[in-house]
Amino acid sequence: MFWAIPLIWLLVISGCTERQFVRPTPQMDIEPQFWVKVLLLDDTKECIMTFPSSFSIIDAKLQTTQTHFEKSGTPIKINISGGKFNIADRHFEANELIIAPDHPFIFNLNSRDYRGKLKLILNPDGKSFEAVNLVPLEPYLAGVIGAEMPDYWEPAALKAQTIAARTYCLYIKKHFGSKRSWDVKKTQANQTYHGISAESARIWQVVNKTYGQVLTCKLSDGTKDIFPTYYSTVCGGHTEDSRNVFGGDFFEPLSGVPCPYCKRTAKPAFFFWPTVQFDKTDVSTKLLKRYPSLKPLGKITNISTAKQSTYKGGKFSRLTSIKLLGSTGKTDSLRAEDLRLTIDSSGRKLKSTACKIVDMGENWAFTSGKGFGHGVGMCQCGTQAMARKGKTTKQILSYYYPSSKIIKVY
């Protein structure tokens, strides 16, 4: 069944000052397996919500309506009082609540508009909570694609991005969502999600044109299924085998491939990034805090290359494993991508592991850097360059994910 997007645009008040036209939310009656749980707030103590419609508050476990609010446009505060939820000065006994807006199924959380519903989950300490957006898959994608890729890029590139993002989301949901209260984060830790602010007419067009399409591949046991369709901003010249970055199972479409394309469209500062330096004491502190297993090393005194992938006859290389030497004389190793994101959690200074490590005395310097991101799977800037050359969405996806196949799941 196709859930067509209504052509009528509704006026929605975003907060108290900003107005924008948005489409009513589609897919609200789709099967549960195609809803996405997006972690919006973690370990928070308070938030502010507004609604363009009436809304209900539901006990998430009992699925019973606790109260119903009529449309008012007045911001409401949500906080914790006495170890329980306090919403608009009303107390609720349930530890898990769902706030369900009526048509057009939109809410505003801390000045950002989202579709679907919001689930509040009280943390065990009774002092903070999680806020999780429950949203159908296609509206979720409309909030991802425009945040991951400019909406003025070539249609073939945008479609490739949409199919990859849809597949990635369903894979993560299937393999990790059942073990926690959310499927994906709203950040680049999974894929960037900006809700309604990332939408546009062009974004909705590519979402609708690729409706339900995902990528599959042949698994080691001979069956076919979706796989984790990783992607990064700029691979720097060659994508990387996922096992060298994330470990885990082997997926043939996640083998590295040459990419002569991204250099044509990437920002110069992303393709070739400048040397960055980090204080040795700060680096050691961050590593020991994040990885307690490294404590036998004492203070980290040296970082060197343990393994690297080399391509293009030695002209391109990417660090894959790092050797750590401690003040106790003991050594250990760490995946290079883990080192990168521990030193720079934003990933915006130390942009990739396609670089060299240099001891600068008080600091460690990362030089000769190329690319932006982990380098696995689809290269977004390469995708745009291929689309400009006239490559189709299928050709782009087949190139970056070899031996993959597009199918429809609904």
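Residues numbered from 1 in each chain as written. Predicted model: local features only at pLDDT ≥ 70, side-chain atom pairs only at ≥ 80, totals over all residues. Heavy atoms only, no water.

This paragraph deals with the confidence of the model for the protein. Here the protein averages 93 in pLDDT, while 95% of its residues score no lower than 70. Confidence over residues 1-20 falls short of pLDDT 50; this stretch has 43 contacts with residues more than four positions distant or in other chains. (pLDDT = per-residue confidence, 0-100. Contact = heavy atoms within 4.5 Å.)

Take empty space enclosed by the protein next. Which parts of space are left empty comes out when a probe the size of a water molecule is rolled across the atoms. Tallying each qualifying case throughout the model produces two cavities of 30 Å³ or more. In this structure, the largest cavity encloses a volume near 50 Å³. If you go around the largest cavity, the residues you meet are Leu319, Ile322, Ala336, Leu339, Arg340, Leu350, Ser352, Thr353, Cys355, Ile357 and Phe366. Only β22 (316-326) and α8 (336-343) provide two or more residues apiece to the lining of the largest cavity. Tallying contributions element by element places α8 first for the lining of the largest cavity, with three residues. When the residues that make up the lining of the largest cavity are grouped by side-chain class, the tally is eight nonpolar, two polar and one charged. If you add up the space inside the second largest cavity, you get close to 30 Å³. For the second largest cavity, the full set of lining residues is Asn244, Val245, Leu319, Thr320, Ala336, Glu337, Thr353 and His374. (1 Å grid on protein atoms, 1.4 Å probe; cavity = no way out; pocket = protein on both sides within 12 Å on 5 of 7 lines; lining within 4 Å. Points joined across faces, edges and corners; volume = space filled by probe spheres on them. Helix = DSSP H or I, 4+ residues; strand = E, 2+ residues; numbered from the N terminus. Nonpolar A, V, L, I, M, F, W, Y, C, P; charged D, E, K, R; others polar.)

Right, let's talk about the side chain of Gln380 for a bit. Relative to the helices and strands, Gln380 is located in helix α9 (residues 380-388). Not counting chain neighbours up to four residues away, the residues in contact with Gln380 comprise Glu148, Met149, Trp153, Gln161, Tyr231, Ser232 and Thr233.

A separate point is helix α3 (residues 201-209). For α3, every residue scored as buried is listed here: Ile203, Trp204, Val206 and Val207. The arc that holds every buried residue of α3, seen down its axis, measures 165 degrees, which confines them to one face. (Buried < 20%, exposed > 50% of the residue type's maximum accessible area, 1.4 Å probe, protein only. Arc of directions from axis to C-beta.)

This part covers the nonpolar core. In this structure, Ile99, Leu109, Tyr140, Tyr400 and Tyr401 are the most contacted members of the largest nonpolar core, which totals 99 residues. Looking at which element gives the most residues to this core, the answer is helix α2 (residues 155-176), with twelve residues. In this view, Tyr140 contacts Val36, Val38, Val135, Cys169, Val184, Gln191 and Tyr193; residues no more than four positions away in its chain are not counted. (Core = buried A, V, L, I, M, F, W, Y, C linked by side-chain atoms within 4.5 Å.)

Judged by pairing direction, the sheet is mixed, and its seven strands sit side by side in the order β6-β5-β10-β13-β14-β3-β15 without closing on themselves. Edge positions in the open sheet fall to β6 (64-69) and β15 (184-185), since each of these has one partner strand only. Docked against the sheet, helix α1 (residues 137-148) engages β3 (35-44), β14 (129-136) and β15, running at close to 110 degrees with respect to β14. (Pairing = 2+ DSSP bridges. Axes fitted to C-alpha atoms, helices over the stretch in contact; angles between N-to-C directions.)

What follows is about the packing of α1 against α3. Contact geometry for α1 and α3: axes closest at 9 Å, N-to-C directions at 130 degrees. Considering their axes alone, α1 and α3 lie oblique with respect to each other. Note on packing geometry: the crossing formed by α1 with α3 is right-handed. For the pair α1 and α3, contact is made by Glu138, Pro139, Leu141, Ala142, Ile145 and Gly146 and by Ile203, Trp204 and Val207, respectively. Of the residues in the contact of α1 with α3, the class split is seven nonpolar, one polar and one charged. (Parallel < 35°, antiparallel > 145°, perpendicular 65-115°, else oblique. Left-handed = near helix turned anticlockwise from the far one by under 90°.)

Within this model, the second largest pocket holds a volume of roughly 150 Å³. Lining the second largest pocket are Tyr171, Lys174, His175, Leu219, Ser220, Asp225, Ile226, Asp249, Phe250 and Phe251. Broken down by secondary-structure element, the contributors of at least two residues to the lining of the second largest pocket are α2 and β17 (224-226). Here the lining of the second largest pocket gets three residues from one element, more than from any other, and that element is α2. Taken together, the residues that form the lining of the second largest pocket break down as five nonpolar, two polar and three charged.

This next bit is on the environment of Phe107. With respect to the secondary-structure elements, Phe107 resides in strand β11 (residues 106-109). Separated by 131 residues in sequence, Phe107 and His238 place their C-alpha atoms 42 Å apart. When residues no more than four places from it in sequence are discounted, the contact partners of Phe107 are Met49, Thr50, Phe51, Pro101, Arg112, Asp113, Tyr114, Arg115, Gly116, Lys117, Leu118 and Asn133.

A contiguous patch of positive charge, built from Lys218, Lys224, Lys394 and Lys405, is present on the exposed surface. One can find Lys218 in strand β16 (residues 213-218). (Patch = residues over 30% accessible without salt bridge, like charges linked within 9 Å, V, L, I, M, F, W, Y side chains within 5 Å. Areas by Shrake-Rupley, 256 points an atom, 1.4 Å probe, with all protein chains shown as cover. Salt bridge = Lys/Arg side-chain N within 4 Å of Asp/Glu carboxyl O. Lys, Arg positive; Asp, Glu negative; His and termini not counted. Charge placed at Lys NZ, Arg CZ, Asp CG, Glu CD.)

Strand order in the open sheet made by the three strands is β17-β16-β28, with antiparallel pairing throughout. Unpaired on one side and paired on the other, β17 and β28 (405-408) mark the two borders of the sheet. Ignoring strand direction, the axes of neighbouring strands in this sheet form an average angle of 45 degrees. Sheet topology places β16 next to β28; four bridges connect them, and they run antiparallel. Along β28, the bridge assignment pairs Thr216 with Lys405. Sitting on the sheet, α2 is in contact with β16, β17 and β28, with an inclination near 65 degrees to β16.

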